[in-house]
Amino acid sequence: MSVKLNALVSDSYVDVSQYRDQHFKGNRYDQEKLLKQSHTLYVGNLSFYSTEDQVHEIFSKSGDVKRIVIGLDKVKKTACGFCFVEYYTRTGAENAMRFINGTRLDDRIIRTDWDAGFKEGRQYGRGKSGGQVRDEYRQDYDPARGGYAPLSLPLHSPYSPPAPVICLLHSAVSTPPHQPCSKYLSGFH
Amino acid sequence: MSRRRHSDSENEGSQPHKRRRTSEPIEIEDRLESLICRVGEKSTSSLESNLEGLAGVLEADLPNYKNKILRILCSVARLLPEKLTVYTTLVGLLNARNYNFGGEFVEAMIRQLKETLKNNLYNEAVYLVRFLSDLVNCHVIAAPSMVAMFENFISVTQEEDVPQVRSDWFVYMVLSCLPWVGKELYEKKDAEMDRLFSQIEGYLKGRVKAHAPMLQVWTAEKPHPQEEYLDCLWAQIQKLKKDRWQERHILRPYIAFDSVLCEALQHNLPPFTPPGHMPDAQYPMPRVVFRMFDYTDAPEGPVMPGSHSVERFVIEENLHCIIQTHWKERKTCAAQLLSYPGKNKIPLNYHIVEVIFGELFQLPTPPHIDVMYTTLLIELCKLQPGSLPQVLAQATEMLYMRLDTMNTSCIDRLINWFSHHLSNFQFRWSWDDWSDCLTVDPEKPKPKFVKEVLEKSMRLSYHQRMVDIVPATFAALIPAEPNFIYKYEDESASSLPGYPASITVGNAIKNRATNEEILAILKEVPNPNQEDDDDEGESFNPLKIDVFLQTLLHLAAKSFSHSFSALGKFHEILKALTERDEGKLHILKVVYEVWRNHPQMIAVLVDKMIRTQIVDCAAVANWLFSQDMAHEFTRLFVWEILHSTIRKMNKHVQKIQQELEEAKDKLEKQQHKRQKDSGDEEDMDKNSEDEEGQLEEQIERLQEKVESAQSEQKNLFLVIFQRFIMLLTEHLVRCETGSVEISTPWYKNCIERLQQVFLMHHVTIQQYMGTLENLLFTAELDPHILAVYQQFCALQL
C-alpha cells in the first residue's frame, strides 16, 4: 500500500567508502560482500598514545565490543595510530559508523571505515619505515604521531606524496601490543 | 537524493552512484518521489508556489502514475509527520483539481490505517489520523464524518476488561489532532464535540496513574511538575478551547489557497470501527512529559510558550518527529531541527535541547541509542557555535542543580553524556561553579555525580588529565590511578600463606609450563578452610584461586588484550577451579581485589568470564550483592556490570530460541518437500526420512536447551530480586526500629536501582510475572518495596 521512500532511507554514514585494501585476498566482489556484512571497523587517525582501554570505552557506546587489535609499527612493535574494532553484532558497528566516526578520542577526530575482517599480519603498518603509509610523507609536525614524518626534513620538503595514498591499509597485530609509556608527558595534551 | 548503493561485480572500484540502465518509468517514479519528499526545501520561491507547481505536475502525471503517487503520498503521511500541513495542502490542491483522486486517496489512507493498527504501529497510526483530520481544513474530508470517526474512537473508553493503555491511546489520538482541527470541528459540530469532551473528561478522571512515579525524571514537583502525558495534553486542549481555538503556531499553507480549496467537493470518511482488543496487541507505554525550561530561562529573544499551551505540544511533537525521521543522519537531523519553520518566534535552541534531553532521559529507555544524542548535540553546537553551546551549558548547570531529586537511571545517562561530551571539548568546564558538592556528604547525588563523571572522563583520557582539569579543591573526587594491586608484590608479602606458591606459579607461567604442571603446583597450596589433620575430600580452597589468579592477572596486567589472552590460555585451569559455585564467587572476588582501582577492567574481565563460561550470570549477581561489595553498591560500574550480565543472559536465550525456530522451519520445509516429492524415488524418501529424523533429534535437543536457558534466566531474576528485597527490608526494618529517616542516599539509590531492573528488562520480566508475584512480591512485603512492583504492573494496565 505504501512504499519505502528511497529519499528517506538515507543512512549515508553506514555506506561503504571508496577505499579498498589492495592486499585483500579475493576479488572485488568478495571484498564488497564482506564489507557489507562486516562487524569490523578500521579506526584511523588515533594518537600513538591512545590505549586499548580508551578505544574500548568509546566504541562500547555503540555496542558490545568483541575484540580490539591495536595497529603496530612493523619495526618498533609500538602503536602507530590505528586499530581494528570488532563487534558482536553488525548493528554495533553501524552505530559506531553513525555516531563515533568523526568525533574525538584523545582530542583527535578519529575516522572509522568498514573492514573486511582482521587477519594475522594486518596489524602492521605498511609504510617503508614501519608505521602507516600516511605518516611516511606527512608534511606537518604531529606530536601524537611521532612528530615529523620519518623520511622528511622539517626545514623544507618539495616532495609530494604519491597519489592515491588510499590503496594501502595498515593492519594490527594479534600478539599483545606494547604501548609506549610516554603518554603521560606533560605538555602533550 | 541518495540511492541505495549496490555493488556490482562489473563495476570498477566502487562507484557511489551506480548508473541505472533501467527503463524510463522507474526514473520518473524516483523523480516523483524526490519531488514530493523534498517539496519546499532549498527553494528560492515560496512554499505556496512550490506546492502549486507540484500540484500541477502531479495532476498531469495522474493518468499514468496514479497508483505510485497515491502510495508516495500515503507514505509521506505516515513517515513525515513534521511536514503534515505541507502534504495535506498538496492533497487538498489535488482534490480540488481531481475529485476522484481525492476519494481514492482517502480510501487508501483508511486501508493504511487498518494495516498499521493490525501491525502494532500505533505511533504511525496517530500520524495518519492527524493527517486525515487536517484534510478537513483542506476541504478534502467533511467535518461531520471526522467527528463521527472521533466518536468511534472515544467509544473505546466504554469497553470493559481492556488494558487501560488501549483506551488511553485512542483518547490520545483524538486529543492530539485537535490543535490542527479543533477550530474547524467546533465550528461545524460544537454539540457533538462538547459531548465528546465530557466523555473524555469522565474517562480521564477515572484513569489509574500508578505508573507515573516510575516514569518521572525528577521526583520533585518544582520547578516544573513532571506531568503524566494525557493529563498534560488534556490541560493544553482545554486551554486551547478556552482561547476559542486560536492557535498561531502551526504552519498552514492551505490558508493561502482557501479560495481554491473551498470550491472543492469534500468526501465523507467511511464509518471506521476501531479494531477490537487482541491479546498480543502492544499498545504504546504511558509517558511523563519532560520539562526543564520555562519562559524565565531564555534570557532574551522570543518567549517560550507555557507548559499548558498548545504551541508547546506542537513544537515538541514536531521536533520529536524530526529526530525520529533523521536520527541516522546526524548532520541532516541537526540542520532540520535548526530550520524548524516558525523558529523566529520561539527560543528554538531551548526547545531543541529540552526535547533531546527529554528523549535521553526517557523512562524506561530512550527511543534511540544514547550515543546518538551526544553526537547530535555536538553537530548542533557546530552549526550554531554562537548560541547553542551556551544553552547546553545552562541546561547542564540546571541538571546539576536538580540532581538531588533526579531518578538514578537518568543520572547514569547524564554522567555518560556529560563525560563523553566533555571529551570532545578538551574537558573544558567551570568546575569551580560546582564546588558546593565538596562540602556535603560524599554519598549525596552531587559529589557522586562529579566523581562518576571524572571516572568516565578518565576512561576516555588518562589519570593525569583529570588532575590537570579540575581545581585542586576537587582532589578527593578524582578517581584513583587505575593500577593493579598485587597481593604478592614483594618481600613484604612473604608472610602470606600463598606467597611461596605465587612465586612458583609465576615462574611456571613465565616458563610456559603445561596446565598439568600448574595444576600440580596448585594442589600443594595449603587450604585455609581445611582442618590440619583432615586430608579428606576436596573442600573448597580459596587460596588456590587467589594465588593462581592474582599471579596470572598480574603478569597480564598490561592491557585488556593481555588479560583476555591469559584467560584464554588458562581456560582449562580456570574452569577446574570454578567448578563449584564457591569457586565462581571467589574468582570474582579476586578479580575485584586486584583491579578495584580499574572498574573498567573489572567489567571487561567479568564479561569475558561469562562468555567463556568460567562464571555464570547468577554468580555475578550474587557477587555484586555480596557483603564484600556492599561498600561499592552505589557505584555506577556495579550496575553497568549487572545490566550487562542480564543482557547477555537474555541474548543467550534468544539465540537458542532462534536456533530452535530455524530447525523447526527446516523440518517443516523438509516434510513439505517430502509430501510433494513422495513416490518419486524410494532412495530419496529414505534419505529425507533420515534427514527428518536428524532434524527431529536436533529440535528435541534444542528444546531442552531452550528450557534450560529459560530456567537459568528465571533463576537469575529471582536471585536479583530476592537480594534487593533482603537488602531493602533490612534497611527499612533498621530505620523503623531506630525511628530514623528511611530516605538516605543509599536507600534512594537502591530502590531506584530495583526500579531500573524492572524498567530496563521489562520485556523479559513479563514472562515471569506469575512466579515473581507468587514467590517474591507478595502482600507480606514491605509496602515501600511492593509499591515498585505495583507501579511496574501499572505500566501495562
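Under an unreviewed UniProt entry, the name given to chain B is MIF4G domain-containing protein, and the source organism is Gasterosteus aculeatus aculeatus. Regarding chain B, the relevant UniProt record gives this comment under Sequence similarities (unreviewed entry): "Belongs to the NCBP1 family."

As annotated in an unreviewed UniProt entry, chain A is Nuclear cap-binding protein subunit 2 from Gasterosteus aculeatus aculeatus. Turning to chain A, the UniProt annotation filed under Subunit (unreviewed entry) states: "Component of the nuclear cap-binding complex (CBC), a heterodimer composed of ncbp1/cbp80 and ncbp2/cbp20 that interacts with m7GpppG-capped RNA." Recorded in UniProt for chain A, the comment headed Sequence similarities (unreviewed entry) runs: "Belongs to the RRM NCBP2 family."

Enquirer: An account of the overall build of chain B is needed here, citing residue identities and associated values.
Expert: Counting secondary structure elements, chain B contains 32 helices and zero strands. The buried share among the 797 residues of chain B stands at 54%. Carbon and sulfur atoms form 49% of the exposed surface of chain B, whose accessible area is close to 36300 Å². On chain B, the mean spot of the 87 positive side-chain charges and the mean spot of the 114 negative ones are 6 Å from each other.

Enquirer: Which residues make up the UniProt feature "domain: RRM" (unreviewed entry) in chain A, and what values do they have?
Expert: The sites that UniProt annotates as "domain: RRM" (unreviewed entry) are residues 39–117 of chain A. Here residues 39–117 of chain A is 23% helix and 39% strand, with 8 Å between the C-alpha atoms at its ends.

Enquirer: Break down the environment of Y486(B) for me, citing the residues and quoting the values.
Expert: Residues and elements named next belong to chain B. Mapped onto the fold, Y486 is located in the loop between α18 (463–469) and α19 (499–510). A sequence separation of 107 residues divides Y486 from E593, and the C-alpha atoms of the two residues are 8.7 Å apart. With near-sequence residues (within four places) excluded, Y486 lies in contact with S502, Q550, T551 and H554. Here the side chain of Y486 touches T551 through a polar contact of 3.2 Å, side chain to side chain.

Enquirer: I'd love a proper account of a negative patch on the surface, names of residues and values included.
Expert: Taken together, the side chains of E696(B), E697(B), E700(B), E704(B) and E707(B) make up a negatively charged region of the molecular surface. Assignment of secondary structure puts E704(B) in helix α28 (residues 682–737).

Enquirer: Which residues make up the sheet that holds strand β1 (residues 40–44) of chain A, and what are the values?
Expert: Hydrogen bonds along the backbone pair up the strands of a sheet, which may run parallel or antiparallel. Residue and element names in this part refer to chain A. Spatially, the four strands line up as an open sheet ordered β2-β3-β1-β6, and their pairing is antiparallel. The open sheet is flanked by β2 (65–72) and β6 (111–115), the only strands paired with a single partner. Direction aside, the axes of adjacent strands within the sheet are offset by 25 degrees on average. With five bridges connecting them, β1 and β6 associate as antiparallel partners. Counterpart to Y42 in the pairing with β6 is D113. Packed onto the sheet, helix α2 (residues 52–59) meets β1, β2, β3 (79–87) and β6 and runs at close to 140 degrees relative to β2.

Enquirer: Could you give me a rundown of the interface of chain A and chain B, with the residues and numbers involved?
Expert: Interfaces are often sized by the amount of accessible area the parts lose when they come together. In this assembly, 52 residues from chain A lie in contact with 57 residues from chain B. Taking both partners together, chain A and chain B bury about 5200 Å²; carbon and sulfur atoms supply 51% of that area. Applying the counting rule to chain A against chain B returns four salt bridges. With its nearest N and O atoms 3.4 Å apart, the salt bridge here joins D107(A) to R465(B). Across the chain A-chain B interface, the total number found is 15 residue pairs in polar contact (both at pLDDT 80 or more). Every element with two or more residues in the side of chain A that touches chain B is listed here: α1 (28–37), α2, β2, α3 (90–99) and β4 (104–105) of chain A.

Enquirer: Which residues make up the pattern of salt bridges, and what values go with them?
Expert: Taken as a whole and judged by the stated rule, the model has 58 salt bridges over all chains. R98(A) is the salt-bridge partner of E94(A), the closest N and O atoms lying 3.5 Å from each other. Taken together, the positions of E94(A) and R98(A), both in helix α3 and four residues apart, correspond to about one turn of that helix. A salt bridge links E124(B) to R78(B); the shortest N-O distance between them is 2.6 Å. Taken together, the residues span a long stretch of sequence, with E124(B) in helix α5 (residues 122–137) and R78(B) in helix α2 (residues 47–79) at a distance of 46 residues. According to the relative accessible area criterion, E124(B) is buried, its value standing at 18%. We classify R78(B) as buried; its relative accessible area is 14%. It is possible to trace a salt-bridge network through shared partners that takes in E57(A), E455(B), R459(B), E632(B) and R635(B).

Enquirer: Let's hear about the nonpolar core: which residues, and what values?
Expert: Counting residues in each nonpolar core, the largest one holds 296 residues, and the members touching the most others are F59(A), F150(B), F357(B), W431(B), F449(B), F548(B) and F777(B). Sequence-distant contacts of F59(A), defined by excluding residues within four places in its chain, comprise V43(A), V65(A), V85(A), Y87(A), A96(A), I100(A), I110(A) and T112(A). Within the second largest apolar cluster, seven residues are counted, among which are F48(A), C80(A), F82(A) and F84(A).

Enquirer: Just give me the short version of helix α26 (residues 617–624) of chain B, but keep the residues and values in it.
Expert: Most of α26(B) sits inside the fold, with seven of its eight residues counted as buried. Among all positions of α26(B), only C617(B), A618(B), A619(B), V620(B), A621(B), W623(B) and L624(B) are buried.

Enquirer: Give a detailed account of the packing of aromatic side chains, specifying residues and quantitative values.
Expert: Considering all chains together, one arrives at 50 aromatic pairs over all chains under this definition. For the pair F418(B) and W429(B), a centre-to-centre distance of 5.2 Å together with 80 degrees between the ring planes defines the contact as edge-to-face. Of the two residues, F418(B) sits in helix α16 (residues 408–423) while W429(B) sits in the loop between α16 and α17 (445–459), which places them 11 residues apart along the sequence. Both residues of the pair, F418(B) and W429(B), belong to the buried class. An aromatic cluster is present here, built from W218(B), F290(B), F357(B), F361(B), Y400(B), W417(B), F418(B), W429(B), W431(B), W434(B) and F449(B) joined pairwise through their rings. Geometry around Y172(B) places R287(B) over its ring, the cationic atom sitting 5.3 Å from the centre. Over the ring of Y88(A) we find R611(B), and its NZ or CZ is 3.7 Å from the ring centre.

Enquirer: Talk me through unusual backbone geometry; I want residue IDs and the actual numbers.
Expert: Residues and elements named next belong to chain B. Going from K222 to P223, the amide bond is cis rather than trans, its omega being -5 degrees. Residue position: P223 is located in the loop between α8 (212–215) and α9 (229–242). For the bond from L363 to P364, the omega torsion is 0 degrees, close enough to zero to count as cis. If you trace the backbone, P364 turns up in the loop between α13 (348–360) and α14 (370–383). Its identity is not glycine, yet H139 carries a phi of approximately 60 degrees, on the positive side. Mapped onto the elements of the fold, H139 is located in the loop between α5 and α6 (143–154).

What counts, and where the lines are drawn
Residues numbered from 1 in each chain as written. Chains lettered and ligands numbered in written order. Predicted model: local features only at pLDDT ≥ 70, side-chain atom pairs only at ≥ 80, totals over all residues. Heavy atoms only, no water. UniProt positions renumbered as here; feature names shortened; annotations may be inferred. Helix = DSSP H or I, 4+ residues; strand = E, 2+ residues; numbered from the N terminus. Buried < 20%, exposed > 50% of the residue type's maximum accessible area, 1.4 Å probe, protein only. Areas by Shrake-Rupley, 256 points an atom, 1.4 Å probe, with all protein chains shown as cover. Lys, Arg positive; Asp, Glu negative; His and termini not counted. Charge placed at Lys NZ, Arg CZ, Asp CG, Glu CD. Contact = heavy atoms within 4.5 Å. Polar contact = N/O pair within 3.5 Å; in protein donor to acceptor, adjacent residues only side chain to side chain. Patch = residues over 30% accessible without salt bridge, like charges linked within 9 Å, V, L, I, M, F, W, Y side chains within 5 Å. Salt bridge = Lys/Arg side-chain N within 4 Å of Asp/Glu carboxyl O. Pairing = 2+ DSSP bridges. Axes fitted to C-alpha atoms, helices over the stretch in contact; angles between N-to-C directions. Buried area = accessible area lost by both parts, 1.4 Å probe. Core = buried A, V, L, I, M, F, W, Y, C linked by side-chain atoms within 4.5 Å. Phe/Tyr/Trp six-rings, centres within 6.5 Å; stacked < 30°, edge-to-face > 60°. Lys NZ or Arg CZ within 6 Å of the ring centre and 35° of its normal.

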